[in-house]
Amino acid sequence: MSLAAAVGIPLGLLMGWFRLLDDVVSPIFEGLRFIAPIAWVPFAALWFGTGIGGPVMIIFAGAFPPCLINAYRGARFVDPHLIEASQMLGTGHLRTILEVLLPASVPSIVAGLRVAAGLGWQSLVGAELIVAAAGVGFMMVQAQANVSTPTVMAGMIAIGIAGMLIDVLLRQGEAAILRRRGLQA
Amino acid sequence: MGSIRFDRVNKIFETTKAGVKALDDINLEIAEKEFVAIVGPSGCGKTTCLRIVAGFERPTSGSVSVNGKPVSGPGPDRAVVFQHFALFPWKTVRGNIELGLRNKNLAKDRRGELIAGALNLMNLESHADAFPHQLSGGMQQRVAIARAYVLDPEVLLMDEPFGALDAQTRVMMQEELVRLARVNPRTVLFITHSVEEAVYLADRVAVMTRRPGRIKEMIDIKAIRNAENWNQFQRIEDVMDQESFIHLRTHIWKSLREEKPEDRH
C-alpha cells in the first residue's frame, strides 16, 4: 500500500501539473484501472508464485488508482489564484509541486489514501480467499470447507475491525493536518 | 526603471463562439514610479489590463512592455497583490513572505534581514509565526503587500486590494499605502471601483468605458494634489474635505455614470 501511495501520489501530482504527461499516461492508466484487483490474482500467482510479490501486486492494483486519481484531482483543482501568486513569486516547477500543489492537495490525497486503504485491504483478503497458504482469508476458506460458521464469522469481523482501525488512524492524521491549517475547527 | 506601456492592446476572450471583447485599443504609458489608478464599471476590463502586465494573460493583439521589453510571463519584477490575498494557508506569515526570496536564491541571512524589514514596515512583527487563518482580513492583506514589497519589484500591481476589507480597515490601508508610497516609491498600477480611493492614492486616474473597455479619459491628480498641498494632511478625511478633491471626485463619478446604460440620455 505504501508502494501504491509512493508511486501514485507523485505521479498524480505530476500529471496534474504537466498536461503533456497527463495526455500520455491517462489512456494507459484508464485501460488498466478497470481490471478488478481480484482479476490480477492469477497473473500475480503465475508471476510471483507464493512469495510476497503476489499479495503486494494485488494490494497495489487495488490501492494505486485512488492514490493517483486523488492526487491528480488535488493538483488540478488548486485555487488558481494560489498558482498565480506562486508564479508571480518566480517559483520553479519542482518547488511549486512540493510547496504549493502538494500541501493544497492534502485533503484530496488523504481522502484517496482512505479509499486506497479500504480497497487494498479488501483486495488482499479477496486474493487470500483464492490463493494463499496463510492469513485470515485462508483461514476462512478452510473454515468454510470444514463448515465451521463461527470461524468464518470471526474472520469477517476481524477483517472489518482491522479495516476500520486503519481508517480511523488515517482520519486522525487527516484531522491533525487540517487543524494545523485551520481548515477545520 | 519600471515604466509600463500599453500599445494598441486588444483582448478577446474565447469563452463563447463569438468571443468576448474585453479590451479595445488600449494605449497607455505609465512613467517609472508613477502611481496610476484605473477605475471603471464592472466587467470593463480593468483587471484584464493588470493581468496582462502581470503576465497571466496575453493580449490578442498589440503589446504590453515594461522598461521597453514585452511582457512574456509572470515574475517578481511585477509583484501582484490580489483582492482575496492569495496567501498560502499552510505557510506562516514568515513562510509566505520568504517564498519569493528563496526563489531568488538569496542567502539565509539576507532573507532574514529582508523579512524582518518587511514585517517591521507592515507592522506584522508580532504575527510572524501565525497562519493566515489566524489573522484578520486587513492583516492578511498586509502580509500580501509585505510579500510583494520584499521582492523590491519595479512594478507593483494591485487588483482591488482593499475590496475584500471592511470600510474602516480599508481607510486605514489606504493611509498606509500612501505612507509606503512616499517612503519607498515605485511604479504602481492600481485597479479599483472606488473613485475616492483612486483620487486619494493616484498620480493619474484612467477612466475606462464599459465593455469593450477603452480608456475614456486620463485625469491628472498629482498637479492638483501638489498645488493644493494635500500632503499637509495626515488623515484621509481631511484630504477628502478639500474642494479640489471633491471636484475631481465628482468629475470622475460623472464620467463613470455615463457608462451605465440606464443613465444614458
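Everything numeric here is computed off the predicted structure, so don't read it as measured data.

## A closer look at the overall build of chain A
Okay, step 1: A count of helical and extended segments in chain A gives eight helices and zero strands.
Okay, step 2: Along its sequence from the N terminus, chain A presents helices and strands in the succession α-α-α-α-α-α-α-α.
Okay, step 3: For chain A, with 185 residues in total, the buried portion stands at 38%.
Okay, step 4: For chain A, long-range pairs separated by at least 24 residues make up 71% of all intrachain contacts whose partners lie at least 6 apart in sequence.
Okay, step 5: Of the roughly 9900 Å² of accessible surface on chain A, 72% is carried by carbon and sulfur atoms.

## Here we look at the interface of chain B and chain A
Okay, step 1: Every contact between the two is made by 23 residues of chain B and, on the other side, 18 residues of chain A.
Okay, step 2: In total, chain B and chain A occlude about 2000 Å² of area from one another, counting both sides; carbon and sulfur atoms represent 64% of this.
Okay, step 3: Among the residues chain B hides against chain A, the three largest losses belong to Phe88, Trp90 and Asn103 of chain B. Together they make up 31% of the total.
Okay, step 4: Here chain B and chain A share three salt bridges between them.
Okay, step 5: The closest approach of N and O atoms between Arg102 of chain B and Glu99 of chain A, which form a salt bridge, is 2.5 Å.
Okay, step 6: In this assembly, chain B and chain A are joined by eight residue pairs in polar contact (both at pLDDT 80 or more).

## Side note on the packing of aromatic side chains
All names here are of chain B.
Okay, step 1: Taken as a whole and judged by the stated rule, the model has five aromatic pairs over all chains.
Okay, step 2: On the numbers, 6.1 Å between centres and 25° between planes, the contact of Phe56 with Phe82 is stacked. Pair noted here: Phe56 is in the loop between helix H1 (46-54) and strand E4 (61-66) and Phe82 is in the loop between strand E6 (78-81) and helix H2 (93-103), with a separation of 26 residues, a long-range link.
Okay, step 3: The class of Phe82 is buried, set by a relative accessible area of 5%.
Okay, step 4: Of the aromatic side chains, those joined through ring pairs into one cluster are Phe35, Phe162 and Phe190.
Okay, step 5: Lys11 extends its terminal NZ or CZ atom over the ring of Phe13, reaching a point 5.1 Å from the ring centre.

## Things to note about the pairing of strand E9 (residues 204-208) of chain B
All names here are of chain B.
Okay, step 1: Burial analysis of E9 places four of its five residues in the buried class, the great majority of the element.
Okay, step 2: For strand E3 (residues 35-39) and E9, the ladder comprises four bridges, and the chain directions are parallel. What sits directly across from Val39, in E9, is Val207.
Okay, step 3: Sheet topology places E9 next to strand E10 (residues 215-220); five bridges connect them, and they run antiparallel. For Arg204, the partnering residue across the bridge sits in E10 and is Asp220.
Okay, step 4: The turn joining E9 and E10, which pair antiparallel and follow one another in sequence, is formed by six residues.

## What about the pattern of salt bridges?
Okay, step 1: Throughout the structure, instances matching the rule amount to 24 salt bridges over all chains.
Okay, step 2: We note a salt bridge from Lys11 of chain B to Glu57 of chain B, for which the minimum N-O separation is 3.9 Å. Residue Lys11 of chain B is located in strand E1 (residues 4-13), and its partner Glu57 of chain B is located in the loop between H1 and E4; the two are separated by 46 residues in the primary sequence.
Okay, step 3: The salt bridge involving Arg142 of chain B is made with Glu176 of chain B; its shortest N-O contact spans 3.1 Å. Pair noted here: Arg142 of chain B is in helix H4 (residues 137-149) and Glu176 of chain B is in helix H5 (residues 167-183), with a separation of 34 residues, a long-range link. For the pair formed by Arg142 of chain B and Glu176 of chain B, the shared burial category is buried.
Okay, step 4: Taken together, the shared-partner salt bridges in this structure form one network comprising Glu84 of chain A together with Lys11, Arg51 and Glu57 of chain B.

Parameters and conventions
Residues numbered from 1 in each chain as written. Chains lettered and ligands numbered in written order. Predicted model: local features only at pLDDT ≥ 70, side-chain atom pairs only at ≥ 80, totals over all residues. Heavy atoms only, no water. Helix = DSSP H or I, 4+ residues; strand = E, 2+ residues; numbered from the N terminus. Buried < 20%, exposed > 50% of the residue type's maximum accessible area, 1.4 Å probe, protein only. Contact = heavy atoms within 4.5 Å. Areas by Shrake-Rupley, 256 points an atom, 1.4 Å probe, with all protein chains shown as cover. Buried area = accessible area lost by both parts, 1.4 Å probe. Salt bridge = Lys/Arg side-chain N within 4 Å of Asp/Glu carboxyl O. Polar contact = N/O pair within 3.5 Å; in protein donor to acceptor, adjacent residues only side chain to side chain. Phe/Tyr/Trp six-rings, centres within 6.5 Å; stacked < 30°, edge-to-face > 60°. Lys NZ or Arg CZ within 6 Å of the ring centre and 35° of its normal. Pairing = 2+ DSSP bridges.

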